[in-house]
Amino acid sequence: MRAWLTERAFWIRAGVYGLILALLAVPLCAVTIPPLGDYLNHLARMHVLARYPDSEALRANYSVAWTFAPYLGMDLFVPFLARFMSIYTAGRVFLLICLSLFVLGAAAINAALFRRLSLVPAAVALFAYNLLFTLGFANYLLAIGLWLLAFAGWIALSGQGAVWRIVGGLALAMLVFICHFFALFGFALCAGAYDLGLWYHGPERTLGGFVRRMAVPAAAAGLPCLLALMITRGQAGGLTRYGAVENKLLALVSFLPSPFPGPWFFLVLLALLAGLIWGFFTRRLVLAGAMRLPLLALGMVCLAMPEWLSGVWGIDRRLPVVFVFLFCASCQWRRLPNCVAGGAAAALVLCLTGEMVSIAAAWQPMDRQYQEFRTAMTAIDPGARVLAFREDDGPARRGPLTVYLHLPMLAVIERDAFLPYLFKNSMMPVHAAPARGVIDTPQGYPISLASLAEGADPIKGQAMLGTLDDVAMRNYWGDWPHHFDMAIGLNFGTSSPVPGFLEPRRYGEFFTIYRVHPRLPVAAEGG
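What you see is a predicted model, and the numbers here were worked out from it, not measured in a lab. (Residues numbered from 1 in each chain as written. Predicted model: local features only at pLDDT ≥ 70, side-chain atom pairs only at ≥ 80, totals over all residues. Heavy atoms only, no water.)

(A) Seen up close, the overall build of the protein chain. The secondary structure content of the protein chain amounts to 20 helices and 11 strands. Its C-alpha atoms give the protein chain a radius of gyration of 25 Å, near enough to 24 Å, the size a compact globule of 527 residues would have. Along the first, second and third principal axes, the C-alpha set of the protein chain runs to 80 × 50 × 45 Å. In the protein chain, which comprises 527 residues, the proportion classed as buried is 54%. Contacts spanning at least 24 positions in sequence make up 78% of the contacts within the protein chain whose residues lie at least 6 apart. Entry remark: accessible area of the protein chain is about 21,800 Å², with carbon and sulfur atoms responsible for 66%. (Helix = DSSP H or I, 4+ residues; strand = E, 2+ residues; numbered from the N terminus. Rg over C-alpha atoms; globule rule 2.2 N^0.38 Å. Buried < 20%, exposed > 50% of the residue type's maximum accessible area, 1.4 Å probe, protein only. Contact = heavy atoms within 4.5 Å. Areas by Shrake-Rupley, 256 points an atom, 1.4 Å probe, with all protein chains shown as cover.)

(B) Up close: the packing of aromatic side chains. A complete count under the given rule lists 26 aromatic pairs for this structure. Ring centres of F127 and F255 lie 5.6 Å apart, and the angle between their planes is 75°; on these two criteria the pair is classed as edge-to-face. Here F127 is found in the loop between α7 (87–114) and α8 (131–135), whereas its partner F255 is found in the loop between α13 (245–252) and α14 (263–282), with 128 residues between them in sequence. The exposure class assigned to F127 is buried, which follows from its relative accessible area of 6%. Taking relative accessible area as the criterion, F255 reaches 18% and is therefore assigned buried. For the pair Y476 and W477, a centre-to-centre distance of 5.1 Å together with 85° between the ring planes defines the contact as edge-to-face. (Phe/Tyr/Trp six-rings, centres within 6.5 Å; stacked < 30°, edge-to-face > 60°.)

(C) View of the pairing of strand β6 (residues 386–390). Among the 5 residues that make up β6, 5 are buried, leaving the element largely enclosed by the rest of the structure. Because side chains alternate across β6, one face comprises the buried residues V386, A388 and R390, and the other comprises L387 and F389, equally buried. Across 5 bridges, the pairing between β6 and strand β9 (residues 486–490) is parallel. In the strand pairing of β9, F389 is matched with G489. In this structure, β6 lies alongside strand β8 (residues 447–448), joined through 2 bridges in parallel fashion. Within β8, the residue paired with R390 across the bridge is S448. (Pairing = 2+ DSSP bridges.)

(D) Spatial organisation of the nonpolar core. Judged by nonpolar contacts, the single largest core of 168 residues is most densely connected at L24, Y129, Y140, F151 and L326. Element by element, the count of residues in this core is highest for α7, at 15 residues. With near-sequence residues (within four places) excluded, L326 lies in contact with I109, L148, F151, C190, M291, L295 and L298. (Core = buried A, V, L, I, M, F, W, Y, C linked by side-chain atoms within 4.5 Å.)

(E) Representation of the sheet that holds β6 within the structure. With respect to topology, 5 strands assemble into an open sheet ordered β8-β6-β9-β11-β10, the strand pairing being mixed. Edge positions in the open sheet fall to β8 and β10 (502–507), since each of these has one partner strand only. Both β10 and strand β11 (residues 511–516) contribute to a ladder of 5 bridges, which runs antiparallel. Bridge pairing in β11 places Y507 opposite T512. Running at roughly 20° to β11, helix α17 (residues 338–376) makes contact with β9, β10 and β11 of the sheet. (Axes fitted to C-alpha atoms, helices over the stretch in contact; angles between N-to-C directions.)

(F) Up close: the packing of helix α10 (residues 162–177) against helix α11 (residues 181–201). Axis separation between α10 and α11 bottoms out at 8 Å; the angle between their running directions is 150°. On the basis of the axis angle, α10 is roughly antiparallel to α11. Of α11, the residues touching α10 (which contributes R165, G169, L172, A173, V176 and F177) are F181, A183, L184, F187 and D195. Its residues assigned to classes, the contact of α10 with α11 comprises 8 nonpolar, 1 polar and 2 charged. (Parallel < 35°, antiparallel > 145°, perpendicular 65-115°, else oblique. Nonpolar A, V, L, I, M, F, W, Y, C, P; charged D, E, K, R; others polar.)

In structure tokens form, the structure reads like this:
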């Protein structure tokens, strides 16, 4: 390490990494609320945790009960940050840390494998704003970065004695454990496959050697995995199933940037692919031998993962991203002229700049819509019980529907309101207050106009309240006129009639905010 610090090349490469991390911050600095799928729902939970002691409305709507669980990365970190900055700034700082850990984790693995700081894993930055990031899987995003760092630590410990490896590996595994159980199992898979490769290529390729070698990752990762299996629960009533073939193909390319920067990025991908083929063909690009088994094992699991697992969607999208990160971390160029290496680094920075600018430009129209919606939150009474419904299509949308489904969560952040589908599974510290239990669901989304009308029926509505569907969403809208104070309609198309229990209070480009009148319906209005 001391030799590294005296090398001029080391500091040049460190400067390039610093520039790359600064570029990754550009889209986050361009908006107040990044339009990232589930992110706003998670951020609303962070607001509850941060403001709960000081808000009577939050205490009436939610309860907070911390538990030892493998799903607490964001919950432990962001509320602490919110003591010193706004919840929106704290959320963006958290996302920047996740992006930075993608790059730094890959660089750490590469350095542990090849004993030098290389710019090869910096290519991970091109895929940092991947589909998984855009879906806003907040805890898992942090867990990916820690998974990479923990695996780098595991590789660095590979030359130590068994006791040191078990103690160090257990500490690393628990670090991943606290963030996300799925990443923990991924780390255990990589650690086990790495040690299997060391045994296979080592001098002690006997049954006894196998047992001694594999006992170390089993002991280090076994306890956290056992704890995770005991604590982790799927969604009650949730289904497990494979999706269509085209969905699996989309899952396998989930490492690509989203939104896709443009046709020029295809040329970048083709250039990368051509460089890989040329490098392997000429043997200038080498793949660390010890990483072949971890990559093979992870690749096989990528192919085997279902789309739905115990009511949780998108399981098959979670590993291809890590596979690409690990692949980049496992490669190293040799005998590459300085001019070529410098040109490649400059091209990487140039491409990343274009990508970040294009993502920021795509986000800004959505951010303006978010700010319009945020301003309209003053029409919602503090602490109100809020129902959200939607229409699925229309010209007011600036991005995919997924970036709007959790937009009503701004009512939680701005008005301390109760929304039923705030994420509240058993591993999270935030739950519905007992008085709100009848209209609570551990996961969900805004209901359709058809469900809104059906739930308003006094007979059908009462019968459906509390029933569970096959994706583990509990019916919270049955007999809604008697359980909610306000409603938010996301009307992306032509305005449609809504039940007469709703009185419009505020209109926007793509939404209407209503007051609920439970007894005497007012005249029906357009949504």
